[in-house]
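Structural characterization, general
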Amino acid sequence: MSSELHFKSIADLSGLLENRQVSSVELTTAVIGRTKAVDARVRAFNSFDESGALAQAAASDARRGAGKARGPLDGIPVGLKDVIAVANQPLTASSRMLANFVSPYDATVTVRLKDAGAVLWGRLNCDEFAMGSSTENSAFGPTANPWDLSRVPGGSSGGSSAALAAGEAIATLGSDTGGSIRQPAALCGVVGLKPTYGLVSRYGLVAFASSLDQIGPFARTVEDAAIVLSTIAGHDPHDSTSFKAAVPDYRAELKQRRGPWRLGIPQEYFGAGLDPEVNAAVQRAIAFYEARGCTIKEVSLPHTQYCLDTYYIIATAEASSNLARFDGVRYGHRSKDAKDAVDLYFKSRSEGFGAEVKRRIILGTYVLSSGYYDAYYLRAQKVRTLIRQDFLNAYREVDALLTPTSPAPAFKLGEKSDPLALYLCDIYTIGVNLAGLPAVSVPCGFTGGGLPIGLQLIGQPFQEAELLAIARGYEEGHEWGQRHPVL
Amino acid sequence: MTKETIHGYEAVIGLEVHVQIKTRSKIFTRVAAGYGFPPNSLTDPVVLALPGTLPVMNKAALDAIIKAGLLLGCEIAPVCKWDRKNYFYPDSPKNYQITQYDQPICVGGQVEIELPGPARNVMGEHKKVPLTRIHLEEDVGKLNHGATDSLVDYNRAGTPLMEIVSEPAMHSAEEAFAYLTSLRATMIFGGISDCDMEKGQLRCDANISIRPAGETKLGTKVELKNLNSISFVRDGIAHEIKRQVGVLERGGALVQETRDYDGHAGTSQSLRSKEMAHDYRYFPDPDLMPVEVDDAWKAKLRAECPELPFAKQRRFVDAYQLPYSLTSVLAWDRGLADYFEQAVRAAGPDRAVAVGNWIVNFFLREVGERKGSIEALAARVPPAAAAELVGMVQSGELLGNAVAQVSSAMFSDGAPPREVVEREGLSARSDAGELEQWCRDAIAANAKALAEFKGGKESAINAFKGPVMKAGKGKADPKRVDAMLRKLLAE
């Protein structure tokens, strides 16, 4: 295990903080130092507030000194994807449109992290408005994969996965609309959890596709992910789509749930296009579970082939409407030479949005248009119901599904210039968003070239405790997550 | 419906009425709703559509529209579902409006209207104008155009708004006027809205077409906007019908368009034609879950529904035998009607007409003269005091010609009627001795009339009455004066 503070887990660090072996200021200083040392190469951060972080750390130490520490996250530096609002901090969505925007309010997850004593550290790069799978769509330039700086970290939450892998934060938050937490987690060799739709409040998350977006944690271990999830999950009166239910202590639940489990292997997730090294790693994971007494069962999700089309209709339709508010009138980029209101819209939006965002707005506008709505949007919603039903049918026989997270390991920066090729990166992850299910990516090996590989476990609605326990079952027998890139 | 025709054309009118719902907070966030506040002071991150904000429905707004639907006999949908109407305009912070597209919360229903009668005190014809739907949505902000720039005030944005759509079932400006009058009273009675058109709490657009009388197919529709008062609605529609008839009479053709009515000038001009119609790209709002409206919820709201003016009028006729001239006044203000019924309860049902007359003749005069609200004046002169006053008149204790003076005093200082009568010495019963004296004085002062009366000229008695009434200053009961004079003259 690494002796460097910036590579330790929340679980370990909270122990060290509690025993006064380290202070939050020392820990935060170490993370800041690491960030300054490596981020010129990783480029995970859009911005950071060093003095603000140190002030939070000092406040945490003062609390602890007064015997009022607030739990395992108190004093731990946590980075947020730059689509999650923090009061008085920039909120850019990695877009020119919001390059100078400062949020006057906190997202609900931000409030909960602050209440838990976390040190909020930095604004993490992503694809513009979370649209992409490589973080190359950021208006501020791409983030590099810490395992190979010539490669992408995945996306859209590539800054969140890269910062964590590079030791620039102890945990991070991302958002996942079609795989944007799990795929970069897989490509950067960390744990990434996309919770059940409705478990974590979306209030304060810059909306991409409202019915698909979920905030979730990136962490070094499954236990750390459980700690963060316990903090951010739960009903929020500011989000009508957030679920009204008691949230368990996921960390405590990990110890209660030991299996053996019944795991389903959806045959549609192992077809053409799957990288042989990724396949081999996932097969070894299946064998591992089997050796531990789990039942492995091949299942079918027959509507999988329609996931990509369905996703790109629903997600773009919602995005076209969600992004209409960026008009240059109240905030955000405002074109300097607009003649009237309509001209202001055209120019501000033309100048403020990047190519992929524009592509999706146009696509979404098209599928909602009069005369096309029934053929596209309405039909996509029906197919979506079938896709969800596929999963629910499978869960009559199994506790969770096991798949690769991404069909291939990290690719080269600039390698995929065709948007469709990039869309295919999410082939194993988007079904989960369409069905509203929880899923986690855990490291399950490395390629011969030293690139991380991720294993995806898909759980049942609101059964994160069981899902994390299954992931933990794999993690306990492996050391993949304890490796760190050399930078 | 009866149909009036102009040059053989019949008008067909449908109204789209927007009514702001009176809630403390806005429809999708907790910031206050209100009118007359400094620009952009009633805003928050949700109203301004800052990145990441989400709507959360205000239940009070849904309660109000369901109540409106129940009052108007609508069918209430089992689920309240929300849609986005997408269009770019600077008064719309999200550049989409949250509204209800294909599943309005209220379907059908009708508005009972009364057309003007042959005279003011005679009831006119009653009709029921069918409704298409009522749906809930959010209001937009307000643009203020300057010489070189435009400013936007988002205070109004997010105010809960009902859109009440009638069937194209009205045929004259008078019917539209009666429809709005009735609809407005329904909203005010239900506590749903104050419907102050000057504050934009009630706004009306009219769809107007004409067709040859007897034709069943609808003619080319013109939408008339900016009808800013109920009178402008009537005048604007009348003007538009005449304009359309004029166009056809001159051999021209009507185009489907939206026209802006200028109520002060009495003219209208075209805003846009159908070719410029928007594609609003409606789709279900993924940020808002559908809300189930169950029977218990509806039953609770139904129990809160008040009696509406026309029903009240009918009941006042049945229960109290009030004439139309009274019911048409008393039943159209909830506070006034309640006051009336409380006073009748105290005075006894046989005095209902007297109570009603007193309210219309004296109470409402005070409302007008003192410019006080009905509620404030009702608090100063409670219904029991009104009942007592009426009782005193009926029993002869107080004379009719003194009622104005007593009433005025009661409204001035809130004193009970008996106290006023005693203080001002107006009791018709306390003057037995005085009356005799006034009569003796009057007889003594007019020897000529005395001689005439004694001579058999019966009408000469009237010559004494004037001076007696004058001396009595309102306390002298004419009947008792007559009896006293006869008694004394017989001596």
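Model, not experiment: these values are computed from the prediction.

**A word on the overall build of chain B**
Within chain B, the regular secondary structure consists of 16 helices and 18 strands. Taking 2.2 N^0.38 as the reference for a compact globule, 491 residues should give roughly 23 Å; the C-alpha atoms of chain B span a radius of gyration of 30 Å, well beyond that estimate. If you line up chain B on its principal axes, its C-alpha atoms span 100 × 55 × 50 Å. For chain B, buried positions account for 52% of its 491 residues. Counting only contacts in chain B whose residues sit at least 6 apart along the sequence, the fraction spanning at least 24 positions is 68%. Approximately 22200 Å² of chain B is accessible, and the part contributed by carbon and sulfur atoms is 52%. Each charge class in chain B was averaged separately, 60 positive and 65 negative side chains, and the resulting centres sit 3 Å apart.

**Re the pairing of strand β11 (residues 150–153) of chain B**
Residues and elements named next belong to chain B. Sheet analysis places strand β10 (residues 142–145) next to β11, joined by four bridges and oriented antiparallel. Paired with lysine 142 across the strands is aspartate 153, a residue of β11. The loop that links β10 with its antiparallel partner β11 comprises four residues.

**Examining the nonpolar core**
Judged by nonpolar contacts, the single largest core of 149 residues is most densely connected at Leu73, Phe129 and Phe391 of chain A. Counting residues per element, this core draws most heavily on helix α10 (residues 307–322) of chain A, which supplies nine residues. When neighbours within four sequence positions are excluded, phenylalanine 391 of chain A is seen to be in contact with Tyr269, Leu301, Leu401, Gly431, Val432, Ala435, Leu437 and Ile458 of chain A. The next biggest cluster of nonpolar side chains, apart from the first, holds 70 residues, and it includes Ile21, Leu62, Ala77 and Leu180 of chain B.

**Here's the deal with the packing of helix α7 (residues 222–232) of chain A against helix α16 (residues 464–475) of chain A**
Residues and elements named next belong to chain A. Two elements in contact, α7 and α16, have axes separated by 9 Å at closest approach and are oriented at 160 degrees. It follows from the interaxial angle that α7 and α16 lie roughly antiparallel. Relative to α16, α7 is oriented so that their crossing is left-handed. Across the interface between the two elements, Val222, Glu223, Ala226 and Leu229 of α7 pack against Glu464, Leu468, Ala471, Arg472 and Glu475 of α16. Across the contact of α7 with α16, the residue classes tally to five nonpolar, no polar and four charged.

**Considering the interface of chain A and chain B**
On the side of chain B, 32 residues touch chain A, which itself brings 39 residues to the contact. For the pair chain A and chain B, the two sides together bury roughly 2800 Å², of which 58% comes from carbon and sulfur. Among the residues chain A hides against chain B, the three largest losses belong to Ser240, Arg325 and Arg330 of chain A. Together they make up 22% of the total. Here chain A is connected to chain B by one salt bridge. Among the elements that make up the side of chain A that touches chain B, the one with the highest residue count is α10 of chain A (five residues). For the side of chain A that touches chain B, the residue count by class is 20 nonpolar, twelve polar and seven charged.

**Remarks on the domain arrangement of chain B**
Residues and elements named next belong to chain B. In terms of domain boundaries, chain B breaks down into domain 1 (5–300), domain 2 (307–423) and domain 3 (432–490). Each of domain 1 and domain 2 has a C-alpha centre, and these two points are 37 Å apart. On the side of domain 2, 13 residues touch domain 1, which itself brings 15 residues to the contact. When the two sides are added together, the surface that domain 1 and domain 2 hide from each other amounts to roughly 1100 Å², 68% of it contributed by carbon and sulfur. When the buried surface of domain 1 facing domain 2 is broken down by residue, Glu112, Glu114 and Phe189 rank first, second and third, together holding 53% of it. Inspection of the region where domain 1 meets domain 2 yields one salt bridge. Between arginine 314 and glutamate 112 there is a salt bridge, with the nearest N and O atoms lying 3.0 Å from each other. The tally of links from domain 1 across to domain 2 stands at three residue pairs in polar contact (both at pLDDT 80 or more).

**What to know about the sheet that holds strand β4 (residues 171–176) of chain A**
Residues and elements named next belong to chain A. The strand order across the open sheet formed by eleven strands is β1-β3-β2-β4-β6-β5-β10-β11-β9-β7-β8, and the pairing between neighbours is mixed. Both edges of this open sheet fall to β1 (45–47) and β8 (295–299), since each of them pairs with a single strand only. The mean inter-strand angle of the sheet, taken between neighbouring strand axes irrespective of direction, is 35 degrees. When β4 meets strand β6 (residues 214–219), the two strands line up antiparallel, connected through five bridges. Across the sheet, residue threonine 172 finds its bridge partner in β6, namely phenylalanine 218.

Rules used in this analysis
- Residues numbered from 1 in each chain as written.
- Chains lettered and ligands numbered in written order.
- Predicted model: local features only at pLDDT ≥ 70, side-chain atom pairs only at ≥ 80, totals over all residues.
- Heavy atoms only, no water.
- Helix = DSSP H or I, 4+ residues; strand = E, 2+ residues; numbered from the N terminus.
- Rg over C-alpha atoms; globule rule 2.2 N^0.38 Å.
- Buried < 20%, exposed > 50% of the residue type's maximum accessible area, 1.4 Å probe, protein only.
- Contact = heavy atoms within 4.5 Å.
- Areas by Shrake-Rupley, 256 points an atom, 1.4 Å probe, with all protein chains shown as cover.
- Lys, Arg positive; Asp, Glu negative; His and termini not counted.
- Charge placed at Lys NZ, Arg CZ, Asp CG, Glu CD.
- Pairing = 2+ DSSP bridges.
- Core = buried A, V, L, I, M, F, W, Y, C linked by side-chain atoms within 4.5 Å.
- Axes fitted to C-alpha atoms, helices over the stretch in contact; angles between N-to-C directions.
- Parallel < 35°, antiparallel > 145°, perpendicular 65-115°, else oblique.
- Left-handed = near helix turned anticlockwise from the far one by under 90°.
- Nonpolar A, V, L, I, M, F, W, Y, C, P; charged D, E, K, R; others polar.
- Buried area = accessible area lost by both parts, 1.4 Å probe.
- Salt bridge = Lys/Arg side-chain N within 4 Å of Asp/Glu carboxyl O.
- Domains from an automatic or database assignment.
- Polar contact = N/O pair within 3.5 Å; in protein donor to acceptor, adjacent residues only side chain to side chain.

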